[in-house]
Amino acid sequence: GRASNHPSTLASTKAGGKKEDNGEDEDPFANATGGSGLVNTRIADRETDYHKRRTDRLMREDGLSFKEAMQQANIEKEKDELIREAKKDMEEAADQEAASKAEATTGTSSESSTRRRKRRWDQGNGESAPTTTTGAETPMVP
């Protein structure tokens, strides 16, 4: 009938004819390589030519893969940032030392530490302030 033509039934009948009954010492998984044996279960064997191209990728000149190269680039970037921050901190420390030495020599720190604020257009002596006219000053036009 139908059941005799099924691949699993055929595989079990082939294995059943060759089966030796040694008792409990037999390991049923001794010859198992994974899967049913009817279909290739290795993914690499089922890949198309397009997918197999990943194994043919060239390494970079320095022998690093793309992932390793990106990790190295990130490390270099962080290193440069740390060096830049350290230089900035050193410059700020040097500026503070210079300012403290200048204060010590001049004795006045209030003039150097306070910054002059920018003048706004609407504040000042009155020369730069815009003049507005009221309705009483303008003549009436008939």
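Every value quoted in this text rests on a predicted model; they were computed, and no experiment measured them.

J.: Explain the overall build of the protein here, please?
T.: Within the protein, the regular secondary structure consists of five helices and zero strands. In the protein, the succession of helices and strands from N to C terminus is α-α-α-α-α. Considering the protein as a whole, with its 142 residues, one finds that 1% of them fall into the buried category. A total accessible area of about 14300 Å² is found for the protein, and carbon and sulfur atoms account for 51% of it.

J.: Quick question: what am I supposed to make of the confidence of the model for the protein here?
T.: In low-pLDDT regions, the fine details of the predicted coordinates are not to be read closely. The share of residues in the protein with pLDDT of 70 or more is 69%, and the mean pLDDT across the chain is 76. At the low end of the mean pLDDT range in the protein sits helix H5 (residues 110–113), at 54; at the high end sits helix H4 (residues 66–106), at 91.

J.: What should I look at first to understand the pattern of salt bridges in this one?
T.: Between side chains of opposite charge, a pair can form when the charged atoms approach closely. Taken as a whole, this structure holds three salt bridges when the rule is applied. For Arg54, the salt bridge goes to Glu47, with nearest N and O atoms at 3.0 Å. Residue class for Arg54 comes out partly exposed when judged on its relative accessible area of 46%. A residue is classified by how much of its surface remains accessible, and Glu47, at 18% relative accessible area, is buried.

J.: Any chance you could explain the side chain of Glu47 here in plain terms?
T.: Along the polypeptide, Glu47 turns up in the loop between helix H2 (43–46) and helix H3 (49–52). Apart from the residues within four sequence positions on either side, Glu47 is in contact with Lys52 and Arg54.

Analysis parameters
Residues numbered from 1 in each chain as written. Predicted model: local features only at pLDDT ≥ 70, side-chain atom pairs only at ≥ 80, totals over all residues. Heavy atoms only, no water. Helix = DSSP H or I, 4+ residues; strand = E, 2+ residues; numbered from the N terminus. Buried < 20%, exposed > 50% of the residue type's maximum accessible area, 1.4 Å probe, protein only. Areas by Shrake-Rupley, 256 points an atom, 1.4 Å probe, with all protein chains shown as cover. pLDDT = per-residue confidence, 0-100. Salt bridge = Lys/Arg side-chain N within 4 Å of Asp/Glu carboxyl O. Contact = heavy atoms within 4.5 Å.

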